[in-house]
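Notes for the structure review
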Amino acid sequence: MQVYIDGDHLALSFPYDPQQVADIKTIKGARWDKGAKLWRIPATSVAEARVFASKYDFVISDDILKLTVPPVPVGGVSHDGGTLCLRFPYERVVVAAVKRIPGITWDSPSHAWRAPVASINDVIGFAESFSLVVDDVVKGMAASVTRDLGELRDASRSVDAEIFIPTITGTLFPYQRAGVAYAAKAKRTFIADGMGLGKTLQAIATIEYSSGTDDVYPVVVVCPPNLVLTWQAEYKKWLPDKRVAVVRNRKDFPAMEDYDVVVIGYSNLVTWETRLMGHRSYVFDESHYCKNHTAQRTKSAVRLTKKAPKDAIVLCLTGTPVTNRPAEYAAQLEILGKLKEFGGLWGFYRRYCGAFRDSFGQWNISGNSNLDELNDRLRGNCYIRRTKEQVLSELPPVIHSTIVVEGTAAGMLEYAKAELDIIKYISDRAAAIAVELGTSPYSAAVYARIRAESNEHLVKLSVLRRLSARAKMPIAEEWIRERVENGRKVVVAAHHRDVVDALAKKFGNLRIQGGMTVEEVEEHKRKFQTLSAEEAPVIVLSIQAAKTGHTLTAAQECLFVELPWTPADVDQTYSRLHRIGQMGSVTSTYMLTANTIDEKIYDLIERKRSVVNAAVDGTEVLDDVSTTQLIFDFIKRPQ
């Protein structure tokens, strides 16, 4: 049993003993670190730690015996410009401690540390530890901030609320009423319920409910281009008296006085940005389309909401707020005007994305850190999320099934030849980079360069995805035919156009893929949903074109003939079946061709899922792997 210095804290580890645990809890600032499985005590409590260690015969390191924490000259904590401002003279121990405050950043112009108001209790606790003067205004804010954050945090998991919207022509589920209550109070928030739980209705109802007390119309709805008519139909269903205009091109835009709601696709957002200014509410459907800070549509969305009135309603709707990494939250938080509550862009990256400079001096924000805290702070500020298991017990769970099949002999020969070509291509590229850099082909420097070129390499690997799908096509057709012959409808998911086309032609020619008009898509969906299993047994989806905004509850079987790169795209696709209106159990089947890239992509998706789940739901991270690693693995194979 030993006491030692670990960073800016003292660390103690000992077998469980109730008396020792009771004693250590009396030490100011002592806390149990469940990840490291040890107790941590702030350096300011070193004297108490020494007494405890002596009492129980701990080994005390020389560093602990010599450690003194110098008194910090009086500084101060104030409320300034919407943030908490901390000023104190530099001292190593104190600076190490202040960096532990969530969202804290150093503000060079004001020569002060700044923390979001949401961190008020952490700030006050820090100030008390180091004898900093806390302004009375800050003290007065603490109780109300804590209460408001706590109420929102509890409400973010609520499954019912007492609200009434007389103008809505229908009945909201209890959990949808709770979502409206949360969003109406938060005003700028994610509605991040699981897919299929009716986020569109909650957004429509939130704005209408708020119209009783606030000026919330006209409304801008920004959505994927293929969903503009869906939004128009939803308004007609729930609020038929509202005038809804749809912007479908870059030539015509209606006059503001002619509509209550204007619906526009992301592809037209930048073109019509000026005309979209000055509205009272903004809804961003599938807001993960704006996860990239540098994308023009994201920048346009940020400008729109920044210029909106402070009391405007801004909603980000998405069942998958992050598809790969917590960093994807940042741009969406900026659209909501909430990023400052998480320490600003780089404060967010450092705290929650494990940001660090690599050996080339480039910032890496692809990691994750403090995800439990992130989820907790999101829920207490601007995030409501309920899962299907929590709120829709009548909806059976999705059953996931994996089938590994042998490809046809001809198909596997074609696949093997292409794989050898790709292995040689990637190996040669890695070798060339290694020569250029004067290092091993397996070095971190080569990995970094391969990562930078990953999009180009993934295109090459996509050839293998297509060949793998071709090799299993006879088995996939047999699998589909067996279910059709038993009177069951099937949704088939694929990626490549020729695969979609081939399967669609085999089974009635219903499909959703790029290049179709909105009207064609709606007609194919209508037939699949309304005609009998004999007349319309199968619809084939291009995953990227059909993963959001479509309801295909006539089927209970979803077959993935090809897989996408991310778990979010998988979940989005089978959730076309598993949503409100589904009366049976949904089975999502992943058909993998043995000894092909299929198995590696499936493993990649499952590993990514642990990170996504942690960021979205606050669960434990099990493992992670990137698409870059999948590419890099090819140069390690024997040729």
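Structure: see above.
Residues numbered from 1 in each chain as written. Predicted model: local features only at pLDDT ≥ 70, side-chain atom pairs only at ≥ 80, totals over all residues. Heavy atoms only, no water.

**Description of the overall build of the chain**
We apply this condition: Runs of E in the DSSP output that reach at least two residues are strands. Runs of H or I that reach at least four are helices, and both are numbered from the N terminus. In this setup the radius of gyration rests on C-alpha atoms only. A globule is expected at 2.2 Å times the number of residues raised to 0.38. Residue exposure (1.4 Å probe, protein chains only): buried if accessible area is under 20% of the type maximum, exposed if over 50%, otherwise partly exposed. Residues are treated as being in contact if the distance between any of their heavy atoms lies within 4.5 Å. Using the Shrake-Rupley algorithm and a 1.4 Å probe, accessible areas are obtained, with residue cover drawn only from the displayed protein chains. None of His or the chain ends enter the tally, which takes Lys and Arg as positive and Asp and Glu as negative. Throughout, a charge is located at the NZ atom of Lys, the CZ atom of Arg, the CG atom of Asp or the CD atom of Glu.
Secondary structure assignment for the chain yields 24 helices and 25 strands. Taken over C-alpha atoms, the radius of gyration comes to 28 Å for the chain, in line with the 26 Å a tight globule of 639 residues would show. Taking all 639 residues of the chain together, 55% fall into the buried category. When contacts within the chain are restricted to residue pairs at least 6 apart in sequence, those whose partners lie at least 24 apart make up 69%. Carbon and sulfur atoms form 52% of the exposed surface of the chain, whose accessible area is close to 27,700 Å². Between the mean site of the 80 positive side-chain charges and the mean site of the 77 negative ones, the chain shows a separation of 3 Å.

**A word on the packing of aromatic side chains**
This is how the line gets drawn: Here is the rule: rings of Phe, Tyr and Trp (six-membered ring for Trp) pair when centre to centre is within 6.5 Å. Planes less than 30 degrees apart are stacked, more than 60 are edge-to-face, and the remainder are tilted. For a Lys NZ or an Arg CZ to count as sitting over a ring, it must be within 6 Å of the ring centre and within 35 degrees of the ring normal.
All chains considered together, the criterion is met by 21 aromatic pairs. Between Trp 346 and Trp 363, the ring centres sit 5.1 Å apart and the planes meet at 55°, which makes this aromatic pair tilted. Placement of the pair is Trp 346 in helix H13 (residues 344-352) and Trp 363 in strand E18 (residues 363-364), with a sequence separation of 17 residues. Given the relative accessible area of 37%, Trp 363 is considered partly exposed. Ring pairing ties together the aromatic residues Phe 14, Phe 52, Tyr 56 and Phe 58, which thus form one cluster. The cationic tip of Arg 297 hangs over the ring face of Tyr 266; the distance from NZ or CZ to the ring centre is 5.8 Å.

**A short note on the sheet that holds strand E15 (residues 281-285)**
Note the cut-off: Strand pairing is assigned whenever DSSP detects at least two bridges linking the two strands. Each axis is a line fitted through C-alpha atoms, taken for helices only over the stretch in contact, and angles between the N-to-C directions span 0 to 180 degrees.
Strand order in the open sheet formed by seven strands is E13-E14-E12-E15-E16-E11-E19, and the pairing between neighbours is parallel. On the outer flanks of this sheet lie strand E13 (244-247) and strand E19 (383-384), each paired with one strand and no other. One ladder, built from five bridges, connects strand E12 (residues 219-223) with strand E14 (residues 261-265); its direction is parallel. The residue bridging Cys 223 from the neighbouring strand is Gly 265, located in E14. With respect to the sheet, helix H7 (residues 174-186) is in contact with strand E11 (188-191), strand E16 (313-317) and E19, its orientation differing from that of E11 by roughly 155°. Sheet contacts for helix H11 (residues 296-306): E11, E15 and E16; angle to E15, the most-contacted strand, approximately 155°.

**Regarding the environment of Tyr 259**
Formally: Identification of polar contacts relies on pairs of N or O atoms within 3.5 Å, with a donor-acceptor requirement for protein atoms, meaning one able to donate a hydrogen and the other able to accept it, and with residues adjacent in sequence counted only if both atoms are side-chain atoms.
Structurally, the position occupied by Tyr 259 is in the loop between E13 and E14. Among the residues examined, Tyr 259 registers a relative accessible area of 3% and is labelled buried. Residues within four places of Tyr 259 in sequence aside, it is in contact with Pro 218, Arg 243, Ala 245, Phe 253, Pro 254 and His 279. Polar contacts involving the side chain of Tyr 259 include one to the side chain of His 279, which spans 2.7 Å.

**Digging into H13**
For H13, the complete set of buried residues consists of Gly 344, Gly 347, Phe 348, Tyr 349, Arg 351 and Tyr 352. For H13, the elements touching its buried residues are strand E8 (105-107), helix H12 (328-336) and helix H14 (371-379). Once H13 ends, the next one or two residues include Gly 354, with phi positive near 55°.

**Quick look at empty space enclosed by the protein**
We apply this condition: Think of a 1 Å grid over just the protein atoms. A cavity is a set of points where a 1.4 Å probe fits yet cannot get out, a pocket is an open set with protein on both sides within 12 Å along at least five of seven lines, and lining residues have an atom within 4 Å of a point. Grid points are joined across faces, edges and corners, and a volume is the space filled by probe spheres set on the points. For this classification, Asp, Glu, Lys and Arg are treated as charged, while Ala, Val, Leu, Ile, Met, Phe, Trp, Tyr, Cys and Pro are nonpolar and the rest, including Gly, are polar.
Applying the stated criterion across every chain yields a total of one cavity of 30 Å³ or more. Estimates place the volume of the largest cavity at around 30 Å³. Lining the largest cavity, in full, are Arg 465, Val 561, Glu 562, Leu 563, Asp 598 and Ile 601. Within the lining of the largest cavity, the residues separate by chemical class into three nonpolar, no polar and three charged.

**Here's the deal with the sheet that holds strand E10 (residues 133-134)**
Taking strand neighbours across the sheet as the criterion, the five strands line up as E8-E9-E7-E6-E10 in an open arrangement whose pairing is mixed. Because the sheet does not close on itself, it has two edges, and the strands there are E8 and E10. Taken together, the two bridges between strand E6 (residues 76-80) and E10 define a ladder with parallel strand orientation. Bridge pairing in E10 places Gly 76 opposite Val 133.

**Points about the state of the cysteines**
We count it as follows: To count as a disulfide, a pair of cysteine sulfur atoms needs to be within 2.5 Å.
Enumeration according to the criterion identifies zero disulfides in this entry. Free cysteine: Cys 316, not disulfide-bonded; nearest cysteine sulfur from Cys 290 at 7.6 Å. On the accessibility criterion, Cys 316 (0% relative accessible area) is buried. Of the cysteine sulfurs around Cys 353, a residue in no disulfide, the closest is that of Cys 382, at 15 Å.

**Concerning the pattern of salt bridges**
Put simply, the rule is: One side-chain nitrogen of Lys or Arg within 4 Å of one carboxyl oxygen of Asp or Glu is enough to make a salt bridge.
In total, this model carries 32 salt bridges according to the counting rule given. With its nearest N and O atoms 2.8 Å apart, the salt bridge here joins Arg 177 to Asp 160. With a gap of 17 residues between them, Arg 177 in helix H7 and Asp 160 in the loop between helix H6 (136-155) and H7 connect regions that are remote in the sequence. You can call Asp 160 partly exposed: its relative accessible area is 35%. In this structure, the salt-bridge partner of Asp 311 is Arg 280, at a minimum N-O distance of 3.2 Å. Note that Asp 311 is positioned in the loop between H11 and E16 and Arg 280 in the loop between helix H10 (273-276) and E15, a separation of 31 residues in sequence. Looking at Asp 311, the relative accessible area reads 36%, which means it is partly exposed.

**A closer look at the nonpolar core**
For the record, the criterion: Residues belong to one nonpolar core when they are buried, are Ala, Val, Leu, Ile, Met, Phe, Trp, Tyr or Cys, and are joined through side-chain atoms within 4.5 Å.
Grouped together as the largest cluster of nonpolar side chains are 44 residues, with contacts concentrated most on Leu 276, Phe 284, Tyr 329, Leu 333 and Phe 348. The element best represented in this core is H12, accounting for five residues. For Leu 276, the residues in contact, after removing those within four places along its chain, are Val 220, Phe 253, Val 262, Ile 264, Leu 269, Tyr 282 and Leu 304. Of all hydrophobic cores here, the second largest spans 37 residues; its members include Leu 510, Cys 558, Tyr 574 and Leu 577.

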